[in-house]
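Each chain, written out:
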Amino acid sequence: MTKTKMDHEKQGRVHPRVADLKNQFVKGQLDRREFLRTTTLLGLSAAAAYTFADTFDVELPSLISSAEAATPKKGGILRCGMQVQDMSDPAVYDWVEKSNVTRQMCEYLTITGPDNVTRPMLAEKWVPSDDLKTWTFHIRKGVMFGNGDELTADDVVVNIKRWLDPNVGSSMVGMLNTMLDEVDGKDKDGKAIKVKRMIEGSVEKVDDHTVRIHLKSPDLSIPEKMYHYPAAILHRSFAEKGANITKTPDLGTGPYTLTEYRVGEIAILKRRGGGFKYWGDDPLLDEIHYIDTGQDAAAGLAALASGQVDAIYTLDLTLLGAAQNMPGVTVHEVTTAQTGCMRIQGERAPYNDIRVRQAMQLAADNEQMLKTAHQGRGQVAENHHVCACQPDYAPLPKIARNVGKAKQLLADAGHGGGLNITCNVGNTNGQWETDQVVVLKQNLAEAGINLNVNVMPAAQYWDVWDKADFSLTVWTHRPLGTMLLGVAYRTGVPWNEAKYSSKEFDDLLTQAESTVDIDKRHKIMAKVEKRLQDDAIMIQPYFRSVMNATSDKVKGIGVHPTNYHQWNKVWIDS
Amino acid sequence: MLIMISKRIGFMILTMLVVSMLLFMLLEFSPGNVATKVLGPYSSEEARQLWLERHGYFEPLWWRYGTWLGNFVSGEFGDSVRFRVPVSEVLWPRLWNTAILGFWTFAIMIPLSLILGVLAGMREGSRLDRVISVGSIITTSVPEFASTVLLSAIFVFGLKWLPGTSSMTSGFDVKQMILPVMVLIIYDFGYVARMTRASMAEVMTTHYIRTAVLKGLPYKQVILKHALRNALIAPFTVIMLQINWLLSGVIVVEFFFAYKGFGALLLEASLNQDIFVIEACAMVAVFVAVASQTIADIGYTYLNPRIRFS
Amino acid sequence: MSNIVETVTPAPTLGFAFIRAIKSFALLRESTPGMVGAGLVLFWVIVAILAPLIAPFDPLATLQPMAKPGTEFVKGGTFWLGTDHLGRDILSRIIFGSQTVLFYAPLATVFAYTLGILMGLAAGYHLGWWDIVLSRISDIILSFPVLVLYIIIIATIGSSGINIIIAITFASAPGIMRIVRGLVLDLRNREYVAAAQTRGESSLYIMLVEILPNARGPLIVDACLRLGYVIITIGVLGFLGLGLPPPDPDWGGMINETRKMAMIFPHMTIFPCIAISSLILGFNLLADGLREVSLRD
């Protein structure tokens, strides 16, 4: 496979920026990871990029430790403890668990590995135009759907159009913002408003195996966005057949099919039969069973301890010590951009006074929150939701905690006599969320703010997550900072829970998304981050590590920063 | 007897009506939005409104209630918004699982508590009586949630003898039943034992037992032939009422051990405001409560001929 | 049940009835379990009252996470029962947690009793329509599993101290009403009630001054048992994540927060478990002792 890719590289056109990047890399202006990431995005195959980089850096990133490098065995069943949620249309997925079940049946145009490098998948190659506004995807030939049809450009076009269809309601709308235009529309009461609709002709079938998309403005992260979890490529007839993947598991190209599925109980995936030929290397596992061990994290670990499951979806922080002490269990950890963001809606009192929000930020002790609520596992953050582990992060001057200044700001805002506020928290990911708010409560108390902690059942939290003034929402990891900012803080996007609206921020972000030059991009990102920080719309204390735990007999498994299950190479050593 | 049963059935129907109406009203005022639960937290407001309209949520409350009632009477319980299948498809398997759990709990708890109760009541004030009485008060004082934590700390993580969850995903497994059954028994046997003891103690003081002892009949024979029959009438009623208790009692246990039963279903449905599931579960609960009470009364009459129902 | 009702001459005033109630508690010393129970309850009441004086640390302060029991704190003092995952002293949290539980549980019980007694008096004294309507309502509520009722109410109206009290009042009052009604039916034909009626006293006076004080015996026993159940209920709600809001210490919530760590740090969970169980045991033993003593009368 490596050989053919290299050949493509020789024949195909290489983006002019690649040569510059190579130069920067050699001069040491670009670190290795950034080089790999950017060059692969620009269409240089991962193998080629690695080859180049390795001339200077012999250490290859290996996902599988040498101890595990024994000959993989084919066959066997992997049982994973994970919530089996209600799922139907991958385009509207809102939870990674759903996509993990689907990931075994359906595939994406690209695939981003645990090292944040994006590689070809259903698209064997992509070529951006020099201005990064036109992207041509070459669809792999000979890829079969479970129903026997071959994957063609038509399928890809139908999928992209569906993501951007307002009636579908996919979160890809925020991701592919540069394919949308604002047009006149009507809201449900018939009032004229601006609505976003896909620009006519922005996705185009060139030939049976080539798809081209046209963007309003340049966007470097298109290949990574194609691996965002709602972007699974489905058969063109998916919508007609009811848009429910659990009823039509044969409409995906993945190596497994769903044979049993009960919400809250179990999802069983088996290797596709009936003469189905998978386009890639056959996966090693015969079956993957997702077993719902309930919402209780301890029950999941207990199931692992007693051998009822071989892996758990995620290891709750409270169980880390227990898991480390369990014989036959391995804990995997990875630093991510996942975070519990306590965002503030600046529309209603008392938050409509920016001094109140600034005082909250100054009184908050981000370091203590990380240390106490998350056992120090993660990285301290700076209230702008871009993580140092993301390549586009630009360091900002540190702002020290300053309770005195916070008090002063509160007094200026007319809250010198104290302020009473409430923070909602749903523990949708774990107990650490409440713990974080509890530590914040102590921090704010020092500045004379009384914070009430409103803990609600996880299911109820999702009723208020984008409505409450002040609440803690868990955000998942994204390989690039701009990707997250685009879905969470751009004016009017559906997940903008802080109801943040800043023309300056939107423009800067769009600029960052279209800048290839690393130095220039970092300079823009510094402005983007500063804008968010200055507007004080969140207390975002730290980025957390994520962990999972598996039985020792599961080989070739790790933890992906987004908890994605890429298990084609996983095997069981019984 | 027939009159009593038909009265009871009438009462049951009345209760079901009132409870279902109250639940409908209560859920009407709830802060949550069903559409959010169905379509997910990130769905658009537009899509939610459309869903609500399509599923008749903009009809007046009485109309929706009437429709639901009509369907319910004809055996159609509605669809679960969470599981997206008819309620009966979820409810009956879950109820069956709880029935299995309840069966094992009762199969062990009833003989255990009756024996302990009779032993204690036989000689009131004896050392054995004191030990059993105080012991049963102590076990009843440990809440179920405390014993689930303590028992799983010991048997799952300490001794590693038993599995920590009881989700039964790969078929029925006796080992997975042990901890849930154990917790339920520990919490409840004390109550039944104490009732049996009180009943036994009362019987032992009655005239005919004393006469029998004075007549010189062997003590064993007095107990087995005369005392026991009368002493077990009251506990019978208590045991029937434990069926009703079990419907609440299983919630904590099923939640903790991820056992797919009625209690866990009801808890999840309440947290997700899955209205038709809540309604159906509530109807089952009322039915079980009234039915077990009725059986208790009938049995009481049968066992105790001195009581006649007018 | 009726044989436990006091048959002595009527108590002329509420104050006198109160003295008699104290006297019946004094009889407790004849019952060992009753004394142990009273001791346990008294112990926790004293702990709750003296909490600010005896707690070694601030129950909310983050000091040193996950310290084992007996660890010395660098700034002085000892974590006798260790600290929890957020580094808060468990002993101090248990001590302050007794305030929470001994505030909400009796308060909820008092509300439930007020409503239940009023309903029971009205139904038992007036009979007729009052009785039919009130009895049917309580039959309906009682035919529903209690915990199910709590969960549906709390999950629907949200979780807070007040809502827990509302839910407990709503679910417990019918049971109390049934007991009171039975007692009133027995007492309403007594001479002193007839005498008061002849004197022309109002129904409310007769119910509250003539009848209620004489029905106190069984009610006190029931109240002790019920307090135990209410404590369990608050604990269960905390355990299911529907309890009192953090960070104020609440025993059920403490167990819920730390139970996942029970296998490595058992001290975090076991001590709150012991605390809550001992208080419930106290009320149960007290109820048992009081029943024993009243039967002996």
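If you're wondering where the values come from, they're calculated on a predicted model, not measured in any experiment.

Procedures and definitions
- Counting of residues starts from 1 at the beginning of each chain's written sequence and follows it residue by residue.
- Chains and ligands are labelled sequentially in the order written, the chains with letters from A and the ligands with numbers from 1.
- Residues qualify for local features only when their pLDDT is at least 70, as the model is predicted, and side-chain atom pairs are given and counted only at 80 or more; totals for whole chains, interfaces and linings, by contrast, use all residues.
- In computing side-chain values, all of the structure's heavy atoms are included and hydrogens and water are not.
- Helix numbering and strand numbering both begin at the N terminus, where a helix is a DSSP run of H or I of at least 4 residues and a strand a DSSP run of E of at least 2.
- The buried label goes to any residue with under 20% of its type's maximum accessible area, the exposed label to any with over 50%, and the partly exposed label to all in between, with areas taken from a 1.4 Å probe on protein chains only.
- Note on contacts: a residue pair is in contact if any heavy atoms of the two residues lie within 4.5 Å.
- Only the protein chains shown count as cover for residues, with accessible areas throughout obtained via the Shrake-Rupley method and a probe of 1.4 Å.
- For two strands to be treated as a pair, DSSP must find at least two bridges joining them.
- In this description, a line fitted to the C-alpha atoms serves as the axis of each element, helices being fitted only across the stretch in contact, and the angle between N-to-C directions of two axes falls anywhere from 0 to 180 degrees.
- Note on definitions: buried area is the accessible-area loss of two parts on being combined, 1.4 Å probe, summed for both.
- Each polar contact in these results corresponds to two N or O atoms within 3.5 Å; when the atoms are within protein, one needs to be able to donate a hydrogen and the other to accept it, and residues that are neighboring in sequence are counted only if both atoms are side-chain atoms.
- Each residue gets one of three labels, nonpolar for Ala, Val, Leu, Ile, Met, Phe, Trp, Tyr, Cys and Pro, charged for Asp, Glu, Lys and Arg, and polar for the others, Gly among them.
- Where each domain begins and ends is defined by an automated method or by a domain database.
- Each reported salt bridge corresponds to a side-chain nitrogen of Lys or Arg within 4 Å of a carboxyl oxygen of Asp or Glu.
- Think of pLDDT as the predictor's per-residue confidence, scored from 0 to 100.

A. Representation of the overall build of chain C within the structure. In terms of regular secondary structure, chain C is built from 11 helices and 2 strands. In chain C, the order of α-helices and β-strands from amino to carboxyl end is α-α-β-β-α-α-α-α-α-α-α-α-α. Its C-alpha atoms put chain C at 75 × 45 × 25 Å along the principal axes. When burial is assessed residue by residue, chain C has 58% of its 297 residues classed as buried. Taking all contacts inside chain C whose residues are at least 6 apart in sequence as the whole, residues at least 24 apart take part in 71%. For chain C, the exposed area adds up to about 12,000 Å²; of that, 68% sits on carbon and sulfur atoms.

B. Seen up close, the sheet that holds strand 4 (residues 123-128) of chain A. Residues and elements named next belong to chain A. Taken in spatial order, the 4 strands line up as 4-5-9-8 in an open sheet, and their pairing is antiparallel. Looking along the sheet, the strands with just one partner apiece sit at the ends: strand 4 and strand 8 (203-207). Across this sheet, the average inter-strand angle for adjacent strands is 20 degrees, counted without regard to direction. The sheet contacts of helix 6 (residues 153-163) involve strand 5 (134-139), strand 8 and strand 9 (210-214), and relative to strand 8 the element is tilted by about 180 degrees.

C. Structural context of the interface of chain C and chain A. In this complex, chain C contributes 18 residues to the contact, which on the side of chain A involves 24 residues. Taking both partners together, chain C and chain A bury about 1,800 Å²; carbon and sulfur atoms supply 61% of that area. Remark: the boundary between chain C and chain A carries 3 residue pairs in polar contact (both at pLDDT 80 or more). Each residue belonging to the side of chain C that touches chain A can be placed in one class, and the counts come to 12 nonpolar, 2 polar and 4 charged.

D. The arrangement of the domain arrangement of chain A in detail. Residue and element names in this part refer to chain A. With domains assigned, chain A is organised as domain 1 (1-60), domain 2 (249-333 + 547-572) and domain 3 (335-545). Each of domain 2 and domain 3 was reduced to a C-alpha centroid, and the two centroids are 32 Å apart. At the junction of the two partners, domain 2 supplies 10 residues and domain 3 supplies 13 residues. Between domain 2 and domain 3 the total buried area reaches about 980 Å² when both faces are included, carbon and sulfur atoms providing 53% of it. Contact with domain 3 buries surface across domain 2, with Leu317, Glu333 and Pro561 losing the most and accounting together for 52% of the total. Across the domain 2-domain 3 interface, the total number found is 1 salt bridge.

E. Geometry of the pairing of strand 12 (residues 287-291) of chain A. Residue and element names in this part refer to chain A. Burial analysis of strand 12 places 5 of its 5 residues in the buried class, which makes it a mostly covered element. Of the two faces of strand 12, both are covered, the one formed by Glu287, His289 and Ile291 as well as the one formed by Ile288 and Tyr290. Sheet topology places strand 1 (residues 77-81) next to strand 12; 5 bridges connect them, and they run parallel. Along strand 12, the bridge assignment pairs Ile77 with Glu287. By the bridge criterion, 5 bridges tie strand 11 (residues 266-271) to strand 12 in an arrangement that is antiparallel.

F. Examining the confidence of the model for chain A more closely. All names here are of chain A. In the predicted model, chain A carries a mean pLDDT of 84, and the fraction of residues at 70 or more is 87%. For residues 1-12, every residue scores under 50 in pLDDT, and the model assigns this stretch 12 contacts once sequence neighbours within four places are set aside. Across residues 53-68 the pLDDT falls below 50, and counting only partners more than four positions away or on other chains, this stretch makes 21 contacts in the model.

G. Region of the structure containing the pattern of salt bridges. Evaluation of the coordinates by the stated rule reveals 40 salt bridges over all chains. Its salt-bridge partner being Arg199 of chain C, residue Glu210 of chain C comes within 3.3 Å of it at the nearest N-O pair. Residue Glu210 of chain C is located in helix 8 (residues 203-211), and its partner Arg199 of chain C is located in helix 7 (residues 191-199); the two are separated by 11 residues in the primary sequence. What you see here is one network of salt bridges that share partners, running through Asp219, Lys225, Arg490 and Glu513 of chain A.

H. Geometry of unusual backbone geometry. Residue Pro350 of chain A is bonded to the preceding Ala349 of chain A through a cis peptide linkage, with omega at 0 degrees. Position of Pro350 of chain A relative to the elements: it lies in the loop between strand 14 (329-344) and helix 11 (354-363). Despite not being glycine, Ala258 of chain B has its phi angle at roughly 55 degrees, a positive value. Take Ala258 of chain B: it is sitting in the loop between helix 11 (233-257) and helix 12 (262-272). Despite not being glycine, Leu127 of chain C has its phi angle at roughly 50 degrees, a positive value. Position of Leu127 of chain C among the secondary structure elements: in the loop between helix 3 (90-126) and helix 4 (128-142).

I. Main features of the interface of chain B and chain C. Taken together, the contact between chain B and chain C spans 42 residues of the former and 37 residues of the latter. Carbon and sulfur atoms make up 82% of the area that chain B and chain C hide from each other, which totals about 3,400 Å². Taken together, chain B and chain C are joined by 1 salt bridge. For the interface between chain B and chain C, the tally reads 2 residue pairs in polar contact (both at pLDDT 80 or more). Taken together, the elements giving at least two residues each to the side of chain B that touches chain C come down to helix 1 (2-28), helix 6 (127-141), helix 7 (144-158), helix 8 (174-204), helix 11, helix 12 and helix 13 (275-303) of chain B. With 8 residues, helix 1 of chain B is the largest single contributor of residues to the side of chain B that touches chain C. When grouped by side-chain class, the residues that make up the side of chain B that touches chain C number 32 nonpolar, 9 polar and 1 charged.

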